[in-house]
Amino acid sequence: MLCFRRWLLMQSGPDERSIPGNTVAVQADMPFSGLTTFGTAFLSKFECSQMPHPLLEQITFVDSPGVLSGEKQRIHRAYDFTGVTSWFAAKCDLILLLFDPHKLDVSDEFKRVISSLRGHDDKIRVVLNKADQVDTQQLMRVYGALMWSLGKVLNTPEVMRVYIGSFNDKPVSEDAVGPLGKELFEKEQSDLLSDLKDIPKKACDRRINEFVKRARAAKIHAYIISHLKKEMPSMMGKAKAQQRLIDNLADEFGKVQREFHLPPGDFPNVEHFKEVLSGYNIDKFEKLKPKMIQAVDDMLGYDIPDLLKNFKNPYD
């Protein structure tokens, strides 16, 4: 894996050209202004490539640098790689995790990246590429090892969809994989392409789905913030109380979940929340406003279903 590659954005444009990341982030007609929070260290590794192509008129691709593994993990990136991945994951329609049959080790950085994709499981597709470089017996072992590694990292009993094949511009060689392997790879390639072709059709549905997820997350956030505010003393010992709440944040999440009967899976990552929370003064947080919570509940219970009834997919 290359550790010095850039983040590459590929989209439609009137002519072939490359736009530096710092310029992309400040262009008003592009939705990438949020990337400025990751600083120049990231933007100097980010680039937009534009070209006129019918496919790019409907789909935009983002290619990330390979994750670091082995000795390369000692080389620290100058920007928050996991944070950037999470930012793009929240806004994309499909996430492809690419694996090489000769490099199945899930490094510490890769674990952090996959953990940052929490909440976007429905978007993730796993691709075992270059599968024609191993024979059938080895491929079975590689597939089993991959599923075992992913099961440990994702920590979920559900089996992920894995596309197996050699995804390049060359036809599958029957000499390398045999007739059964050739047929399998061609079917897998067809399935993956069908998944990609469905992106424009499902884009509107995904936007509504992302909006609902954000609304639910905002509701959970409001409950957490108001609970922490309520646990703070009114006069003395505020600094110690805040540190105690941060140290025992998992327990505080549990209290909120039980009090308001909330799904535990909707709660944010405890460690990340701790890190962010340490930079704020909990005593300055707002109290819970029941009317605003009710407005969100009404929107999720009535407005969104009504919107879906009148919704017509422009790609159908």
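Just above, that's the structure.
Reference entry: report on the structure contained in this document. No experiment lies behind these values; they were computed from the predicted model shown.

Parameters at a glance
Residues numbered from 1 in each chain as written. Predicted model: local features only at pLDDT ≥ 70, side-chain atom pairs only at ≥ 80, totals over all residues. Heavy atoms only, no water. Buried < 20%, exposed > 50% of the residue type's maximum accessible area, 1.4 Å probe, protein only. Helix = DSSP H or I, 4+ residues; strand = E, 2+ residues; numbered from the N terminus. Pairing = 2+ DSSP bridges. Right-handed = clockwise from strand over helix to strand, strands pointing away. Core = buried A, V, L, I, M, F, W, Y, C linked by side-chain atoms within 4.5 Å. Axes fitted to C-alpha atoms, helices over the stretch in contact; angles between N-to-C directions. Contact = heavy atoms within 4.5 Å. Parallel < 35°, antiparallel > 145°, perpendicular 65-115°, else oblique. Left-handed = near helix turned anticlockwise from the far one by under 90°. Nonpolar A, V, L, I, M, F, W, Y, C, P; charged D, E, K, R; others polar. Disulfide = S-S within 2.5 Å. Phe/Tyr/Trp six-rings, centres within 6.5 Å; stacked < 30°, edge-to-face > 60°. Lys NZ or Arg CZ within 6 Å of the ring centre and 35° of its normal.

## Re the pairing of strand β5 (residues 95–99)
Look at any regular strand and the pattern is simple: side chains alternate between the two faces of the sheet.
Here comes step 1: Where burial is concerned, the two faces of β5 differ: the one with Ile95, Leu97 and Phe99 is buried and the one with Leu96 and Leu98 is not.
Here comes step 2: Inspection of the sheet shows β5 paired to strand β6 (residues 124–128) by 5 bridges, in the parallel sense. Counted as the bridge partner of Ile95 is Ile124 from β6.
Here comes step 3: Regarding topology, helix α4 (residues 108–116) serves as the crossover connection from β5 to the parallel β6, and that connection is right-handed.

## Observations concerning the nonpolar core
Here comes step 1: Core analysis: the largest hydrophobic core is formed by 44 residues, its most contacted members being Leu35, Phe42, Phe46, Phe88, Phe99 and Leu128.
Here comes step 2: The biggest single contributor to this core is helix α5 (residues 136–154), with 6 residues.
Here comes step 3: Listed in part, the 19 residues of the second largest apolar core include Ile225, Leu245, Leu249 and Ile293.

## Brief notes about the pairing of strand β3 (residues 46–51)
Here comes step 1: Pairing between strand β1 (residues 7–12) and β3: 6 bridges, direction parallel. If you follow Leu8 over to β3, its bridge partner there is Glu47.
Here comes step 2: In this sheet, β3 lies alongside strand β2 (residues 17–20) in antiparallel orientation, the contact comprising 4 bridges. Counterpart to Pro20 in the pairing with β3 is Glu47.

## Things to note about the sheet that holds β2
Here comes step 1: Strand order in this open sheet of 4 strands is β2-β3-β1-β4, and the pairing throughout is mixed. One side of each edge strand has no neighbouring strand; the edge strands of this open sheet are β2 and β4 (61–63). Strand-to-strand twist across the sheet, computed as the mean angle between neighbouring axes with direction ignored, equals 20°.
Here comes step 2: For β1 and β4, the ladder comprises 3 bridges, and the chain directions are antiparallel. Directly across from Leu9, in β4, lies its bridge partner Val62.
Here comes step 3: Together, β1, β3 and β4 form the strand contacts of helix α3 (residues 81–91), whose direction differs from that of β1 by roughly 20°.

## Focus on the packing of helix α7 (residues 199–231) against helix α9 (residues 249–260)
Relative placement of two packed helices is described by the angle separating their axes and the distance separating the axes.
Here comes step 1: Where α7 contacts α9, the axes come no closer than 10 Å and their chain directions differ by 110°. Here α7 lies roughly perpendicular to α9, going by the angle between them. Here α7 runs over α9; the crossing is right-handed. Touching Tyr223, Ile224, His227, Leu228, Lys230 and Glu231 of α7 are Leu249, Glu252, Phe253, Lys255, Val256, Glu259 and Phe260, all from α9.
Here comes step 2: Of the residues belonging to the contact of α7 with α9, the class tally is 7 nonpolar, 1 polar and 5 charged.

## Focus: the state of the cysteines
Here comes step 1: As enumerated under the stated definition, the model contains 0 disulfides in all.
Here comes step 2: Unpaired in this structure, Cys48 has its nearest cysteine sulfur neighbour in Cys92, at a distance of 16 Å.
Here comes step 3: Residue classification places Cys48 among the buried positions, given a relative accessible area of 0%.

## Concerning the packing of aromatic side chains
Here comes step 1: A full pass over the atoms with the stated rule returns 14 aromatic pairs.
Here comes step 2: Ring centres of Phe46 and Phe88 lie 6.1 Å apart, and the angle between their planes is 55°; this geometry places the pair in the tilted category. Of this pair, Phe46 sits in strand β3 while Phe88 sits in helix α3, and the two are 42 residues apart along the sequence.
Here comes step 3: Of the residues examined, Phe88 reaches a relative accessible area of 10% and is grouped as buried.
Here comes step 4: Centre to centre, the rings of Phe253 and Phe267 are 5.5 Å apart; their planes meet at 45°, and the pair counts as tilted. With Phe253 in helix α9 and Phe267 in the loop between α9 and α10 (270–277), the pair connects residues that are 14 residues apart, well separated along the chain.
Here comes step 5: Relative accessible area serves as the criterion here: at 7%, Phe253 is assigned to the buried category.
Here comes step 6: Above the face of the Trp87 ring, Lys91 is positioned so that its terminal group lies 4.2 Å from the ring centre.

Structural measurements only, silent on function.
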